[in-house]
Amino acid sequence: MKKQRPVNLDLRTINQPVSAITSILHRISGVITFIAVGILLWLLGMSLSSQEGFLQASEIMTGFFAKFILWGILTALAYHICGGIRHVLMDFGFLEENLATGSASAKVAIVIAVILSILAGVLLW
Ligand code: HEM
């Protein structure tokens, strides 16, 4: 096999198209959402356990760090849903599968997710 093949695996030097960045972020946001389910179920369980548990859960959620984590979770979920709906629209043939439409829909998904993220921040603080 030829040993001197042109291989470039240095991600910092590869210019990623916006649809590729959207795709990577979609997987990352999916993993964050998966971990978030555990955190949110733990909080829900605590809040439903007793009156003290509810007060404890409320107390936890007043801290800046907890709010920041929740904001991150809501941002990841918002992004994942926007990217997910984009995927579903493409899969059902509502969006054309070409470079121009892929880039445009990726940008729209990012902009909507940023707006939802800002709204989540306003809601929390
Ligand atoms: C608890 C909620 C959710 C969790 C934990 C979750 C998690 C994930 C993860 C980890 C992936 C990545 C799979 C991979 O890249 O191999 C994924 C992909 C996907 N998710 Fe979610 N997801 C959730 C909710 C949603 C929702 C609400 C939507 C719809 C809007 C959605 C739509 C999608 C789609 C379409 C893909 C496939 C994307 C692709 O083909 O690259 N997900 N999800």
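In the nomenclature of an unreviewed UniProt entry, the protein chain corresponds to Succinate dehydrogenase cytochrome b556 subunit from the organism Xenorhabdus bovienii str. kraussei Quebec. Note on the protein chain: under the UniProt heading Subcellular location (unreviewed entry), the record states "Cell inner membrane". The protein chain has a UniProt comment under Subunit (unreviewed entry) that states "Part of an enzyme complex containing four subunits: a flavoprotein, an iron-sulfur protein, plus two membrane-anchoring proteins, SdhC and SdhD. The complex can form homotrimers."

**Q** Looking at this structure, how should I read the layout of surface pockets?
**A** To locate leftover empty space, one rolls a probe as large as a water molecule over the atoms. By volume, the largest pocket amounts to about 160 Å³. Lining the largest pocket, in full, are Leu-25, Ile-28, Ser-29, Ile-32, Thr-75, Ala-76, Tyr-79, Ile-110, Ala-113, Val-114 and Ser-117. Elements supplying a minimum of two residues to the lining of the largest pocket: helix H1 (18-49), helix H3 (64-91) and helix H4 (99-124).

**Q** Hey, could you run me through the coordination of the iron atom of the ligand in this one?
**A** For a metal with four tetrahedral donors the ideal donor-metal-donor angle is 109.5 degrees, whereas six octahedral donors ideally subtend 90 or 180 degrees. Only one protein atom coordinates the iron atom of the ligand: His-80 (NE2), located 2.0 Å from the metal. With respect to the helices and strands, the residue His-80 is situated in helix H3.

**Q** Honestly, the site of the ligand in this entry has me stumped. Any pointers?
**A** All residues adjacent to the ligand are His-26, Arg-27, Gly-30, Val-31, Thr-33, Phe-34, Val-37, His-80, Ile-81, Gly-84, Ile-85 and His-87. Side-chain polar atom of His-80 to a nitrogen atom of the ligand: 2.8 Å apart, as the coordinates give it. Among the secondary structure elements, those contributing two or more residues to the shell around the ligand are H1 and H3. Here the shell around the ligand is built from residues that sort into five nonpolar, six polar and one charged.

**Q** Explain the packing of H1 against H3 to me, please; I cannot follow it from the model alone.
**A** Packed helix pairs are characterised by how far apart their axes lie and by the angle those axes make with each other. Across the interface, H1 lies against H3 with an axial gap of 8 Å and an inter-helix angle of 130 degrees. Taken together, the axis directions place H1 and H3 in an arrangement best described as oblique. When the axes of H1 and H3 are compared, the crossing they make is left-handed. Residues Ser-19, Ile-21, Thr-22, Leu-25, His-26, Ser-29, Gly-30, Ile-32, Thr-33, Ala-36, Ile-39 and Leu-40 of H1 pack against Leu-70, Ile-73, Ala-76, Leu-77, Tyr-79, His-80, Gly-83, Gly-84, Arg-86 and His-87 of H3. Here the contact of H1 with H3 is built from residues that sort into eleven nonpolar, ten polar and one charged.

The rules we used
Residues numbered from 1 in each chain as written. Predicted model: local features only at pLDDT ≥ 70, side-chain atom pairs only at ≥ 80, totals over all residues. Heavy atoms only, no water. UniProt positions renumbered as here; feature names shortened; annotations may be inferred. 1 Å grid on protein atoms, 1.4 Å probe; cavity = no way out; pocket = protein on both sides within 12 Å on 5 of 7 lines; lining within 4 Å. Points joined across faces, edges and corners; volume = space filled by probe spheres on them. Helix = DSSP H or I, 4+ residues; strand = E, 2+ residues; numbered from the N terminus. Donors = N, O, S within 2.8 Å, 3.2 Å for Na, K, Ca; no water. Near = heavy atom within 4 Å. Polar contact = N/O pair within 3.5 Å; in protein donor to acceptor, adjacent residues only side chain to side chain. Nonpolar A, V, L, I, M, F, W, Y, C, P; charged D, E, K, R; others polar. Axes fitted to C-alpha atoms, helices over the stretch in contact; angles between N-to-C directions. Parallel < 35°, antiparallel > 145°, perpendicular 65-115°, else oblique. Left-handed = near helix turned anticlockwise from the far one by under 90°. Contact = heavy atoms within 4.5 Å.

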